[in-house]
Amino acid sequence: MIIDCHGHYTTEPGQLGEYRERQKAELALDPNHVATRGVLDISDDELRASVEGAQLKLQRERGSDVTIFSPRASGMGHHIGNASTSRAWTEHCNDLIYRLTRLYPANFIGVAQLPQSPGAPLDTSIAELERCVNELGFIGCNLNPDPTGGFFTGPALGDRYWYPLYEKMCELEVPGMIHVSGACNTPYFQTTGSYYLSADTIAFMQLMTSEVFRDFPDLKFIIPHGGGAVPFHWGRFRGLADMLKLPPLSEGLMNNVFFDTCVYHQPGIDLLAEVIPVENILFASEMVGAVRGIDPETGHYFDDTKRYIDTSTKLDDEDRQKIFEDNARRVYPRLSAALGG
């Protein structure tokens, strides 16, 4: 089985975007507007139409079986409005993922967006995680380390601010994918190029210099997009760990931190496979996502990442089995049950 651990619902029906625009209009009139959830009128047929020619079509064409699926990351928009804004928005986004997992249980398994908001307590995020796992059957969450949208003024991932959420993640046996949303701090950040990859690298360093995994030895994080700059600078991080009198990376992090294969060329995948232990790599494509075009050098889509795993000379068949399936089942303890065994 080929499990894609990183897919976003980027082809949502227009009604969802219209709801978001109404939220923004309400906030323009009153920044303290208390949002109410309201109702989205989206039919099952509209949901089917939104994925049949996109994610499902690409699954079939590229040979993956199931996608661990979450709302559009750049659309989380935690910097927009206030805590009530984020809560109403998040519940709608997660409910659409749930409905797709019911319509296509063999193709999609849910991962939760959290209703984070700058400076807000995590109580609402914890409650939404519980709802998504216990009531909707989700198996993980996306955690935004910077809900400010590019200003990085909130607590670092090692801060005890996050500990109640980490405790709940361990209790529920769900990992978190580190994932920022759309960048509002422009022109300093472009969302999918500079902001995503910078945040991935920052998150790794924050975790490396923290006591999070000492305090939560069962906590697991997936750092997407190949880990940002981390694999390319692995020697730097190993050296920094030594200089800072921290445990070696193999002891301090690699039981808890994993990387996906959203690296859109063969040399990048080969580097990832050569530097990072294969047990810490999960297959992912992020389709339909950040890069949707065809690589003129190969004639294939940049985000057809299965092709890179299949042809990498750094991997053997046993390695591919781990990357395509076994590692995901280990990192997501609820996955096997969701797959039916």
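Enquirer: Just checking my understanding: could you explain the sheet that holds strand S4 (residues 141–143) for this structure?
Expert: Consider a sheet: its strands pair through backbone hydrogen bonds, and that pairing is either parallel or antiparallel. Ordered in space as S4-S5-S6-S7-S8, the 5 strands form an open sheet in which the pairing is parallel. Here the strands that pair on one side only, and so sit at the sheet edges, are S4 and strand S8 (281–282). In terms of strand pairing, strand S5 (residues 176–178) meets strand S6 (residues 221–223) through 2 bridges, oriented parallel. Directly across from Gly176, in S6, lies its bridge partner Phe221. Running over the sheet, helix H6 (residues 163–172) touches S4, S5 and S6 and is turned about 160° from S4.

Enquirer: What's the story with helix H11 (residues 266–275) in this structure? I'm lost.
Expert: Within an α-helix, residues lying three or four positions from one another point in the same direction, as the helix has 3.6 residues per turn. For H11, the complete set of buried residues consists of Gly268, Ile269, Asp270, Leu272 and Ala273. Elements in contact with the buried residues of H11: strand S7 (257–260), S8 and helix H12 (305–311).

Enquirer: Can you help me understand the pairing of S7 in this one?
Expert: A regular strand places its side chains so that they alternate between the two faces of the sheet. Burial along S7 is two-sided: Val257 and Phe259 facing one way and Phe258 and Asp260 facing the other are all buried. Judged from the 3 bridges that link them, S6 and S7 form a sheet pairing that is parallel. From the neighbouring strand, Phe221 faces S7, where its bridge partner is Val257. As defined by bridge partners, S7 adjoins S8 across 2 bridges and the pair is classed as parallel. Paired with Asp260 across the two strands is Leu282, which belongs to S8. Where the polypeptide runs from S7 across H11 and back to S8, its parallel neighbour, the crossover connection is right-handed.

Enquirer: Can you walk me through the sheet that holds strand S2 (residues 66–71) in this structure?
Expert: Across the sheet, 3 strands lie side by side as S1-S2-S3; this open sheet has parallel pairing. In this open sheet, the two edge strands, each paired with only one partner strand, are strand S1 (3–9) and strand S3 (108–110). Each adjacent strand pair in this sheet contributes to an overall mean axis angle of 35°, direction not counted. Alignment of S1 against S2, held across 5 bridges, turns out to be parallel. Its bridge partner lying in S2, Asp4 is registered against Thr67. Its contacts with the sheet put helix H4 (residues 83–103) on S1, S2 and S3, and the angle it makes with S2 is roughly 160°.

Scoring rules and cut-offs
- Residues numbered from 1 in each chain as written.
- Predicted model: local features only at pLDDT ≥ 70, side-chain atom pairs only at ≥ 80, totals over all residues.
- Heavy atoms only, no water.
- Pairing = 2+ DSSP bridges.
- Helix = DSSP H or I, 4+ residues; strand = E, 2+ residues; numbered from the N terminus.
- Contact = heavy atoms within 4.5 Å.
- Axes fitted to C-alpha atoms, helices over the stretch in contact; angles between N-to-C directions.
- Buried < 20%, exposed > 50% of the residue type's maximum accessible area, 1.4 Å probe, protein only.
- Right-handed = clockwise from strand over helix to strand, strands pointing away.

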